[in-house]
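# Structural features, examined
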Amino acid sequence: MRLRSLGDCVLMTPALQALKDAHPHLRLAVLVEAPFRDVFAGHPAVDELLVLARGRGPLGDIRRRLAMGLSLRRRRFDLVLNYHGGSTSAFLVRMAGAPWRAGYPHYRSPRLYTHLAADPARHFGGRALHTVEYELALLAELGLPVPDPVPAPFVPVPAEAAARVAERLAAAGLAPGGFVLVHPTATLATKQWPPDRFGAFIAQVRAAYPALGVALSAGPREAATLDAVAAAAGAALPRFADLSVAELAALIDAAAFYVGCDSGPAHIAASLGKKMLLVWGSSNRTAWGPRSAAARVVQLPFPCNPCPGYTCAAFDRPRCILDITPGQVFAAFGELVDS
């Protein structure tokens, strides 16, 4: 179970691959909410995809969860791995009725589980873990040796999604492999570089690299941010804010470079091996940094980093992200282009 959050879904895929590689005879199903199904649809380790759709209003959601719980019970799974941990996933774990149930001690209803990963770091020599490794530790608690090397995150790019994106790129005058994709949004203000800074950076890129096109992407509710970035850049840039996850992966795959903040799409870019540049704020880079040799990160050394990021407790504003200048990001981009 991994119900939501794009980056979390992407970073769970190495655990799926490790389990399938070690025990290919197992039938592996993934339960996910509808907006994130594309992360797992077509994944080579996934035999069955179970999609939890939203209902009409709170009562509709309850009915959908109950129906899914009954469906899980009928399937009679032997083992449930919960990678989510909230109240909905706890309810579904209970409904599934599997004899073996694995999770983490901080989850809701920890007594529900037969196996808890109480000290994930012990499986990696006690060092600080990346989220990918943290997810693998749950399998290690069940006796699965940690694979060496650790599988890389993987997000499939369906041919039909790639074809739809190619048509839109052609209409926008962008050639595959000939543009920079800028994804300027993040879930928290302490992780999101301001639109005017992105705009200034893009203006520098357009002046220094006239052969490179620039496109913007964001989620369906973030189109206003793209408008602000384009206005600050002083250009009518192509904008993509209506894509499915599969189409977003295809768009990222078509780009020559990816530029953004700490967000779910950044993990897709890393999984696709794209040359990428991230503007980094409050997040724990050890736990959430891009797992890619082709990635560069611009980060300022504040002693309060990392922090939960919901508010800035050290300053009157989140300086970790706001003090990064367009010049610093542009200089890092130049190094990325030359690498």
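Throughout what follows, the structure given in this document is the object of discussion. (Residues numbered from 1 in each chain as written. Predicted model: local features only at pLDDT ≥ 70, side-chain atom pairs only at ≥ 80, totals over all residues. Heavy atoms only, no water.)

## A few points about the sheet that holds strand E11 (residues 295–298)
- Taken together, 6 strands build an open sheet; the order of strands is E8-E7-E6-E9-E10-E11 and the sheet is parallel. Edge positions in the open sheet fall to strand E8 (239–240) and E11, since each of these has one partner strand only.
- Pairing between strand E6 (residues 179–183) and strand E7 (residues 213–217): 4 bridges, direction parallel. Residue pairing for E7: Phe-179 is matched across the bridge by Gly-213. (Pairing = 2+ DSSP bridges. Helix = DSSP H or I, 4+ residues; strand = E, 2+ residues; numbered from the N terminus.)

## Topic: the side chain of Thr-190
- Structurally, the position occupied by Thr-190 is in the loop between E6 and helix H6 (195–208).
- Look at Thr-190 and you get buried, because its relative accessible area is 5%.
- Polar side-chain contacts of Thr-190 include one of 2.6 Å to the backbone oxygen of Gly-309. (Buried < 20%, exposed > 50% of the residue type's maximum accessible area, 1.4 Å probe, protein only. Polar contact = N/O pair within 3.5 Å; in protein donor to acceptor, adjacent residues only side chain to side chain.)

## Considering the sheet that holds strand E4 (residues 100–103)
- Within the open sheet, the 3 strands sit side by side as E3-E4-E5. Their pairing is parallel. Both edges of this open sheet fall to strand E3 (79–81) and strand E5 (115–116), since each of them pairs with a single strand only.

## Concerning the pattern of salt bridges
- Here the structure, examined in full by the defined rule, presents 15 salt bridges.
- Note that Arg-27 and Glu-48 form a salt bridge whose closest N and O atoms lie 3.8 Å from each other. Residue Arg-27 is located in the loop between helix H1 (6–22) and strand E1 (29–33), and its partner Glu-48 is located in strand E2 (residues 48–52); the two are separated by 21 residues in the primary sequence.
- Given the relative accessible area of 57%, Arg-27 is considered exposed.
- Look at the salt bridges and you will find they share partners, linking Arg-27, Glu-48 and Arg-75 into a network. (Salt bridge = Lys/Arg side-chain N within 4 Å of Asp/Glu carboxyl O.)

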